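The lines below spell out each chain.
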Amino acid sequence: DSENVSDSIIISRVKDFQFEHGLNSDGVVGSKTAKLLSKSPFSYFLSAALALDKWRAKDIWSENRIDINIPGYKLRYFKNNELVRMHKVIVGNVKAQTIEILDSVEYIVVYPYWYVPRSIINHEMLPKARKDSTYFKRKGFEILKGRSVVNSDNIDYNSSFRYTVRQKGGSSNALGLVKFIFPNPSSIYLHDTPSKKLFNKEVRAFSHGCIRLQDPLDLAYVVLEDDQSNFNKEKVKSVIKNKQRTRVNLNNKLAIYVHYTLASVIDSSIVFHEDIYGKEKESLKVLKKIFQKGILLQ
């Protein structure tokens, strides 16, 4: 019995450690947990110190906001500075990193088209279409010249491809059933995804730069209700049922903060995150030298 109690205590402590590092709290010491267990307390101290220093430099954030910490893979929605909802997110991979953004959500698109970025067309789609001319049609993509849809059967994919490609709306669409738009030069936005299984992974850096959101309709319903929008939950459901692409402007822009911070507070606990892009490597080195020399930050 004492052995079972001891095992139970160890598993509980492992789960606590996993929570504090943004991992799945299953009590199993896998490779990711083992790697983090080997880190020194000083390394965690440096991450916390760097995060505090970054927070000092930030302006005061809006009471109503969406907060996304890129290496934390979480979206948090605050109303009057109170946490209302938390969602898992998928961010950009190392080669297509999600950038830090301070902006405002201006509108929501229900049942959106996906206009495929030129880089994806050139590097991923056209090589497949050259081997199989039915590729675009089979995958539910439309090819446009200007605003007109053209017959994909009449296109020579081995010649210069000067067309726009979009995917029809629906649950299999790369953007899913809803997207949140906050205009920015990099065309980053927040959207649904048909690839739901990826949310079960601990490291969720898989996208081409945009942010994929778990349970996005639930967030849309709350945002629209708090915005006192005439476009309520039932209207959203009706648009989806009738397959109508619809733009819903918010009455009040909603602040969104996409940032990159290696330590954050969740449920009154400090949670540490992996430097997935290696962005803080040099800053941590500088900070380490400062503390080793006994110089305190002002």
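Structure report, in brief.

## A few points about the layout of surface pockets
No. 1: In this structure, the largest pocket spans a volume of roughly 700 Å³.
No. 2: What lines the largest pocket is a set of 30 residues, among which W114, P117, I120, A174 and H208 lie closest to the centre.
No. 3: Mapped onto the lining of the largest pocket, the elements with two or more residues apiece are β5 (114–115) and α4 (118–131).
No. 4: No other element matches α4, which puts six residues into the lining of the largest pocket.
No. 5: Reported here for the second largest pocket is a volume of approximately 410 Å³.

## Topic: the packing of aromatic side chains
Pairs of aromatic rings are described using the distance from one ring centre to the other and the angle between the two planes.
No. 1: Scanning the model with the defined rule gives 14 aromatic pairs in all.
No. 2: Judged by centre distance (6.0 Å) and plane angle (15°), the rings of F42 and F45 are stacked. Residue F42 and its partner F45 are located together in helix α3 (residues 41–57), separated by three residues, close to a single helical turn.
No. 3: Under the relative-accessibility criterion, F45 is labelled partly exposed at 39%.
No. 4: Members of the aromatic cluster, connected to one another through ring pairs, are W114, Y135, F136, F141, Y157, F161 and Y163.

## A closer look at α4
No. 1: End to end, α4 covers 19 Å across 14 residues, agreeing with the expected 20 Å (1.5 Å per residue, within 8%).
No. 2: Among all positions of α4, only I120, I121, M125, L126 and A129 are buried.
No. 3: Where α4 is buried, its residues touch β5, α5 (135–138), β6 (141–145) and β8 (164–167).

## Brief notes about empty space enclosed by the protein
No. 1: All told, the structure shown has two cavities of 30 Å³ or more when counted by the stated rule.
No. 2: Computed from the structure, the largest cavity encloses a volume of approximately 170 Å³.
No. 3: Lining the largest cavity are 16 residues; nearest its centre among them are H21, L23, F272, H273 and E274.
No. 4: Along the lines of polarity and charge, the residues of the lining of the largest cavity split into eight nonpolar, four polar and four charged.
No. 5: Every residue lining the second largest cavity is listed: D67, N69, G72, K74, R76, H259, S264, I266 and H273.

About the criteria used
- Residues numbered from 1 in each chain as written.
- Predicted model: local features only at pLDDT ≥ 70, side-chain atom pairs only at ≥ 80, totals over all residues.
- Heavy atoms only, no water.
- 1 Å grid on protein atoms, 1.4 Å probe; cavity = no way out; pocket = protein on both sides within 12 Å on 5 of 7 lines; lining within 4 Å.
- Points joined across faces, edges and corners; volume = space filled by probe spheres on them.
- Helix = DSSP H or I, 4+ residues; strand = E, 2+ residues; numbered from the N terminus.
- Phe/Tyr/Trp six-rings, centres within 6.5 Å; stacked < 30°, edge-to-face > 60°.
- Buried < 20%, exposed > 50% of the residue type's maximum accessible area, 1.4 Å probe, protein only.
- Expected span 1.5 Å × (residues − 1).
- Contact = heavy atoms within 4.5 Å.
- Nonpolar A, V, L, I, M, F, W, Y, C, P; charged D, E, K, R; others polar.

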